[in-house]
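# Remarks on the overall topology
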Amino acid sequence: MRVLGVEGTAWCASAAVHDTETDETFIESDAYEPESGGIHPREAAEHMGEAIPRVVETAVSHADGDIDAVAFSKGPGLGPCLRVAGTAARALAGTLDVPLVGVNHMVAHLEIGRHEAEFDSPVCLNASGANAHLLGFHDGRYRVLGETMDTGVGNAIDKFTRHLGWSHPGGPKVEAAAKDGEYVDLPYVVKGMDFSFSGLMSAAKQAVDDVSTSEASGGPSEHRSDDGTPVEDVCFSLQEQIFAMLTEVSERALSLTGSDELVLGGGVGQNARLREMLEKMCEQRGAAFYAPEARFLRDNAGMIAVLGAEMARAGDTVPIADSAIDPNFRPDEVPVSWRENESV
Ligand code: ATP
């Protein structure tokens, strides 16, 4: 079976073709890059309108045969973007006369790791831009064991870098700046398996407010100052705190569920320091750890096509009339039809 995936929840217009016979996935993506500030929903939706036809054409031209189903990100995400990508997917399914599959974007972030690692009963850490969840599979659904009580993890980092005047996305720039940093104390907020970033972000912004940002133009080197906490130190400490919080809750979830498998998903998972901390924690408790390659961690249509294929195989398709997008679609709302015989 060959499934065309369409992704357009926020910044990434992407199309992919997954071939279940060869297990190969071709992905073509086109990122929206705001000129300044963060993601502007209307501009991002305009980007979807321009880029989706292009990425779909490229992906389909690489398919080795006919497309058997079209899968799309039904949510969660930015409404204006989801509507454009959803309309494209419906039009494609109708034109090709194939079934349509509505995929939960967060479940796709973690299922791609399960697909690759073939773990039986993992705890899944979704460290993405707009979300941060710890999930475990139980009784036919992914259950939210813990989550952020305010912003998503990537968005929190991006808000901090926006404060500095750095261009979007901020995560890779913080990772680069952190290499030259030393630890300064910042808040650390974990409550059971939930966690919070807002106090930490305010403290990080305050720490750099003594640092001159008036000439900021998009790079860490612009922000050195003798007057305040060096921005490299704040970046280093921000990463240490955020990733230690995510590692602590992941360990607690492994301990409480009895699972010995951890899967990472989401764009922040591209950060080497986060992966190092999670890997070390898993090693210490004898658990297996899997992080997909970068192209499957950040938003991409490959994960939509891979999960779409599983859902189509299970008959979990949707009539076009019932395929409305859902900007607030939570992972625990999804009956996991494709793993029906599993109950962890
Ligand atoms: P969601 O999947 O929840 O809808 P999203 O669409 O913003 O969120 P992702 O592609 O999962 O998307 O993640 C993007 C986020 O990843 C951005 O916030 C970005 O700053 C962050 N990010 C990217 N690379 C890194 C990195 N090396 N270190 C830390 N964060 C990173």
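Refer to the structure above for everything that follows.
Reading the values: rules and limits
Residues numbered from 1 in each chain as written. Predicted model: local features only at pLDDT ≥ 70, side-chain atom pairs only at ≥ 80, totals over all residues. Heavy atoms only, no water. Near = heavy atom within 4 Å. Polar contact = N/O pair within 3.5 Å; in protein donor to acceptor, adjacent residues only side chain to side chain. Areas by Shrake-Rupley, 256 points an atom, 1.4 Å probe, with all protein chains shown as cover. 1 Å grid on protein atoms, 1.4 Å probe; cavity = no way out; pocket = protein on both sides within 12 Å on 5 of 7 lines; lining within 4 Å. Sits in = over half its atoms within 2 Å of the grid points. Helix = DSSP H or I, 4+ residues; strand = E, 2+ residues; numbered from the N terminus. Nonpolar A, V, L, I, M, F, W, Y, C, P; charged D, E, K, R; others polar. Phe/Tyr/Trp six-rings, centres within 6.5 Å; stacked < 30°, edge-to-face > 60°. Lys NZ or Arg CZ within 6 Å of the ring centre and 35° of its normal. Pairing = 2+ DSSP bridges. Axes fitted to C-alpha atoms, helices over the stretch in contact; angles between N-to-C directions. Contact = heavy atoms within 4.5 Å.

## Points about the site of the ligand
Close to the ligand lie 23 residues, the nearest being H105, S128, D158, E175 and D299. Between the ligand and G171 there is a distance of 3.0 Å, counted from an oxygen atom to a backbone nitrogen or oxygen. Bound to the protein, the ligand loses 94% of the 640 Å² it would expose on its own. At a threshold of 2 Å from the grid points, most atoms of the ligand map onto the largest pocket. Looking at the shell around the ligand, the elements that each hand over two or more residues are α3 (105-117), α4 (153-164) and α5 (171-178). Class assignment of the residues belonging to the shell around the ligand gives a composition of 6 nonpolar, 13 polar and 4 charged.

## A word on the packing of aromatic side chains
The full count for this structure, using the stated rule, is 2 aromatic pairs. Taking the ring centre of F329 as reference, the NZ or CZ of K74 above it sits at 5.5 Å. It is R114 that lies over the ring of F137; its NZ or CZ is 5.6 Å from the centre.

## Side note on the sheet that holds strand β1 (residues 2-7)
Sheet strands pair via backbone hydrogen bonds, and the direction of the pair is either parallel or antiparallel. The strand order across the open sheet built from 5 strands is β3-β2-β1-β4-β5, with neighbouring strands paired in mixed fashion. Two strands in the sheet have a free side with no partner beyond their single neighbour: β3 (24-31) and β5 (100-104). Across the sheet, the axes of successive neighbouring strands diverge by a mean angle of 20 degrees, strand direction being ignored. When strand β4 (residues 69-75) meets β5, the two strands line up parallel, connected through 5 bridges. Paired with G75 across the two strands is N104, which belongs to β5. On the sheet, helix α2 (residues 79-96) packs against β1, β4 and β5 and is oriented at approximately 160 degrees with respect to β4.

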